[in-house]
Amino acid sequence: MKLYNTRTRQIEEFIPHEAGKVSMYTCGPTVYNFAHIGNLRTYLMEDVLEKYFRYVGYDVKRVMNITDIGHLSDDADSGEDKMLLGAKREHKSVLELAKFYTDAFFADCKKLNIKRPDVVQPATGCVEEFIRVIRDLEKKGFAYKAGGNVYFDTSKVKQYHVFFNFKEDDLEEGVREGVDKDENKRNKNDFVLWFTKSKFEDQALKWDSPWGVGYPGWHIECSCIAMKNLGEYLDVHCGGIDNVFPHHTNEIAQSEAYLGHPWCRYWFHVLHLNTAGGKMSKSSGGFLTLSKLEEEGHSAMEYRFFCLLSHYRNSLVYSEDNFENAANAYRKLKSRALALTADGAVDEAGFAKYKQQFCDALDADLNTSLAVTCVYDVLKAKDIEGATKRALIADFDRVLSLDLLKEEEKKQDEGGLTDAQIEEMIAARLAAKKAKNYAEADRIRAELAAQGVVLTDTPAGTTFARK
Ligand code: AMP
Ligand code: ZN
């Protein structure tokens, strides 16, 4: 299988460190808000990669962190902790906030058929490990104390910028905005491994450490969680393109300083989902969620299909029109798949021929749109019968996870809500609103929308309609 590797900037043959096994690490969400559909694009394409590894027979272990200890927009004192801001905004404790949005994230993933990683590790559960690694970096001369914080000294590594030969001021589009001025830093790119009280007086989560009471920087989190769960050699590290710098650059610097040898071989980055107005981003506030799409009558599978139609290394523009086109195409495709009758017996040679085309598409740097084309090719094939077609589509869906043959099953599962159940949920939503728990109110609305029930708020109360 061939994959583009951001680190070498080449398409390479994928060869895992240990034959037959793949260790895979994914930067998980910062849980201070709902994931937007751009974040979900990244997780969705990573899901296809993971499933394709499994499909071709690898034994995969995938690990994801949950960033629940703050996530600074920068290391300078002007930086704001997004978790803390979110907790204040929603009158929750930081841990309540993290739990709420972690659950919401996995609920979205479930709807999108994104498999849960084998290990999901919240950063708050690993602080001892961070301290151990930071101490070791300090011992090895890669870290220094300044102004109460512990910094990683980027001048001590042979090559800091491993992804691009860029001039510092000339970062690629989509790459996280620059590095900030911080008087404590010896070098411009140095970054914080451990903050002490010098950062925020009101920091909610703090731990004792050899450097004083404080909390870890963001980058150390991923390196430690990956190494702890996947060992010294990592095969694939994934994330959105904005993670390349500084996050992944810093992860590499500190992990390789700690290990004393190369760490991760393949870097898989998904380009952004943009709107006509630019990049979709969590911190800017204006973003679309999966629940919003569902409220508009769309299904999670339509969004999955929309994403699969584009290559992960192209940025994807979301507009109502192009999403609507994809959604229509999905519904048609699914009804054609469901209409297949299981004629004849499965023809092995025919099955192998189309399966090969499917693998060829995904072997070529995960060409998902070509893989979807293979589904169309199977549907219109003249040389195989219904039973073979159904078997192929079911087989492809182990990777595509588009539920192409699943509708009947799903309908039975869902059953549909009774009027009394809907009224009960409307009452719960009203109670949530009264308690100013708007996130919960929104969640209830979205849950109803997912079942085809649309609410209308009127001065006299809330009414509902079934679609
Ligand atoms: P965050 O929760 O902000 O750490 O982001 C979670 C994941 O989504 C990271 O891998 C980001 O790189 C990725 N991401 C952020 N914005 C976008 C976007 N507009 N399109 C695709 N992926 C994104
Ligand atoms: Zn990370």
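Residues numbered from 1 in each chain as written. Chains lettered and ligands numbered in written order. Predicted model: local features only at pLDDT ≥ 70, side-chain atom pairs only at ≥ 80, totals over all residues. Heavy atoms only, no water.

K.L.:
Help me understand the packing of helix H10 (residues 348-363) against helix H12 (residues 386-400) in this model?
P.N.:
Where H10 contacts H12, the two axes come as close as 10 Å, and the packing angle between them is 25°. By the angle between their axes, H10 is roughly parallel relative to H12. Considering the relative orientation of H10 and H12, their crossing is right-handed. Contacts from Gly350, Phe351, Tyr354, Lys355, Phe358 and Leu362 of H10 reach H12 at Thr388, Ala391, Leu392, Asp395, Phe396, Arg398, Val399 and Leu400. Here the contact of H10 with H12 is composed, by residue class, of nine nonpolar, two polar and three charged. (Axes fitted to C-alpha atoms, helices over the stretch in contact; angles between N-to-C directions. Helix = DSSP H or I, 4+ residues; strand = E, 2+ residues; numbered from the N terminus. Parallel < 35°, antiparallel > 145°, perpendicular 65-115°, else oblique. Left-handed = near helix turned anticlockwise from the far one by under 90°. Contact = heavy atoms within 4.5 Å. Nonpolar A, V, L, I, M, F, W, Y, C, P; charged D, E, K, R; others polar.)

K.L.:
I would appreciate a short explanation of the sheet that holds strand E14 (residues 316-318) in the present structure.
P.N.:
The pairing of strands in a sheet happens through backbone hydrogen bonds and is either parallel or antiparallel. Within the open sheet, the three strands sit side by side as E13-E12-E14. Their pairing is mixed. Taken across any chain shown, the strands that pair with only one partner, and hence form the sheet edges, are strand E13 (278-279) and E14. Taken together, the three bridges between strand E12 (residues 273-275) and E14 define a ladder with parallel strand orientation. Bridging across to E14, Thr275 finds its partner in Tyr318. Against the sheet, helix H8 (residues 300-308) makes contact with E12 and E14, and its axis sits at roughly 145° relative to E14, the strand it touches most. (Pairing = 2+ DSSP bridges.)

K.L.:
Even after reading the chapter, I still don't get the environment of Leu448, so can you show me in this structure?
P.N.:
Positionally, Leu448 belongs in helix H15 (residues 438-450). For Leu448 and Arg466, which are 18 residues apart along the polypeptide, the C-alpha to C-alpha distance reads 9.6 Å. Residues in contact with Leu448, not counting those within four places in the same chain, are Leu417, Ile422, Met425, Val453 and Leu455.

K.L.:
Sorry, what's going on with a negative patch on the surface here?
P.N.:
On the surface, a cluster of negative charge is contributed by Glu296, Glu320, Asp321 and Glu324. Positionally, Glu320 belongs in helix H9 (residues 320-338). Its relative accessible area of 61% is what places Glu320 among the exposed residues. (Patch = residues over 30% accessible without salt bridge, like charges linked within 9 Å, V, L, I, M, F, W, Y side chains within 5 Å. Areas by Shrake-Rupley, 256 points an atom, 1.4 Å probe, with all protein chains shown as cover. Salt bridge = Lys/Arg side-chain N within 4 Å of Asp/Glu carboxyl O. Lys, Arg positive; Asp, Glu negative; His and termini not counted. Charge placed at Lys NZ, Arg CZ, Asp CG, Glu CD. Buried < 20%, exposed > 50% of the residue type's maximum accessible area, 1.4 Å probe, protein only.)

K.L.:
I'm lost on the pairing of strand E10 (residues 234-240) in this one. Help?
P.N.:
Along a regular strand, successive side chains alternate from one face of the sheet to the other. With seven of seven residues buried, E10 lies mostly within the body of the structure. Two strands pair when backbone bridges link them, and E10 and strand E11 (residues 264-270) are joined in this way by six bridges, in the parallel orientation. By the bridge assignment, Gly240 is partnered in E11 with Val270. For the crossover from E10 across helix H6 (residues 244-259) to E11, the handedness is right-handed. (Right-handed = clockwise from strand over helix to strand, strands pointing away.)

K.L.:
Just checking my understanding: could you explain the pattern of salt bridges for this structure?
P.N.:
Side chains carrying opposite charge are able to pair once their charged atoms draw close together. One pass over the structure, following the stated rule, counts 32 salt bridges. With a shortest N-O distance of 2.6 Å, Glu50 and Arg62 are connected by a salt bridge. Placement of Glu50 in helix H1 (residues 37-55) and of Arg62 in strand E4 (residues 59-66) is noted, with a sequence separation of 12 residues between them. Each member of the pair, Glu50 as well as Arg62, carries the same accessibility label: buried. Two residues, Lys156 and Asp153, come together in a salt bridge whose shortest N-O distance is 3.4 Å.

K.L.:
Just to check I follow, could you spell out the coordination of the zinc ion (ligand 2) for this structure?
P.N.:
For a metal bound by four donors in a tetrahedral arrangement, the ideal donor-metal-donor angle is 109.5 degrees, while six donors in an octahedral arrangement ideally sit at 90 or 180 degrees. Distances from the zinc ion (ligand 2) to its protein donors, Cys27 (SG), Cys222 (SG) and His247 (NE2), fall at 2.0 to 2.1 Å. On the accessibility criterion, Cys27 (6% relative accessible area) is buried. The class for Cys222 is buried, based on a relative accessible area of 0%. (Donors = N, O, S within 2.8 Å, 3.2 Å for Na, K, Ca; no water.)

K.L.:
Teacher, can you tell me more about the sheet that holds strand E5 (residues 119-122) here?
P.N.:
Pairing within the open sheet is parallel, and its five strands lie in the order E5-E4-E3-E10-E11. With one partner strand each, in any of the chains shown, E5 and E11 form the two edges of the open sheet. Averaged over all pairs of adjacent strands, the angle between strand axes in this sheet comes to 20°, irrespective of strand direction. In terms of strand pairing, E4 meets E5 through four bridges, oriented parallel. Looking at the pairing, Met64 lines up with Val120 of E5. The strands touched by helix H5 (residues 218-230) within the sheet are strand E3 (21-26), E4, E5 and E10, with E4 carrying the most contacts at an inclination of about 150°.

K.L.:
Explain the nonpolar core here, please?
P.N.:
Core analysis: the largest hydrophobic core is formed by 89 residues, its most contacted members being Phe53, Tyr303 and Phe396. The element that contributes the greatest number of residues to this core is H1, accounting for 10 residues. Those residues within four positions of Phe396 in sequence are excluded, and the remaining contacts are Tyr55, Tyr354, Lys355, Phe358, Cys374, Val375 and Val378. Core analysis: the next-biggest nonpolar cluster, separate from the first, contains 51 residues, Val133, Leu234, Tyr258 and Cys264 among them. (Core = buried A, V, L, I, M, F, W, Y, C linked by side-chain atoms within 4.5 Å.)

Without other data, these values stay purely geometric and don't point to any function.
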